[in-house]
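Here is what each chain is made of, one letter per residue.
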Amino acid sequence: MKMGAMVHVEVVYALPQRQELVQVRVPEGATVRDAITASGLLEKYPEIELERRNKLGIFSRLVRADAEVRDRDRVEIYRPLIADPKAVRKKRADEGKVMKKGGGSAESES
């Protein structure tokens, strides 16, 4: 490892209406937490909680805050889910079944 070598990292935080993308340079051996801190997003968005509320990833792969970043990594801060995706899919499937039965086209033609 070279002394003083720097790596370029992109830190992304997606909001409902837009995406914050910040390019940072951090020392080689820096962690995901270091990159996020360097991005300034923690100060700009105080709702981000790295240790509890928000999951983190590098190129869509979940990682811990102490994972080491590499040159040209894309660090992603995920917002917490509002609804359980399984429950939403189940509800949509149930509604679809009701709509098909209510339509009467399949049953009334027999």
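Located above this text is the structure these notes cover.
If you're wondering where the values come from, they're calculated on a predicted model, not measured in any experiment. (Residues numbered from 1 in each chain as written. Predicted model: local features only at pLDDT ≥ 70, side-chain atom pairs only at ≥ 80, totals over all residues. Heavy atoms only, no water.)

**A closer look at the sheet that holds strand β1 (residues 6–14)**
Phase 1 of the analysis: If you trace the five strands from one edge of the open sheet to the other, you get β2-β1-β5-β3-β4, paired in mixed fashion. Taken across any chain shown, the strands that pair with only one partner, and hence form the sheet edges, are β2 (19–27) and β4 (61–63). For this sheet the average axis-to-axis angle between neighbouring strands, irrespective of direction, equals 30 degrees.
Phase 2 of the analysis: Where strand β3 (residues 55–58) lies against strand β5 (residues 73–78), four bridges are found, and the strand directions are antiparallel. Bridge pairing in β5 places L56 opposite I77.
Phase 3 of the analysis: Contacts from helix α1 (residues 32–39) reach β1, β2, β3, β4 and β5 within the one sheet, and its direction differs from that of β2 by about 115 degrees. (Pairing = 2+ DSSP bridges. Helix = DSSP H or I, 4+ residues; strand = E, 2+ residues; numbered from the N terminus. Axes fitted to C-alpha atoms, helices over the stretch in contact; angles between N-to-C directions. Contact = heavy atoms within 4.5 Å.)

**Observations regarding the side chain of T31**
Phase 1 of the analysis: Along the polypeptide, T31 turns up in the loop between β2 and α1.
Phase 2 of the analysis: Overall, the relative accessible area of 15% leaves T31 in the buried class.
Phase 3 of the analysis: Leave out the neighbours within four places in its chain, and T31 touches A65, D66, A67, E68 and V69. (Buried < 20%, exposed > 50% of the residue type's maximum accessible area, 1.4 Å probe, protein only.)

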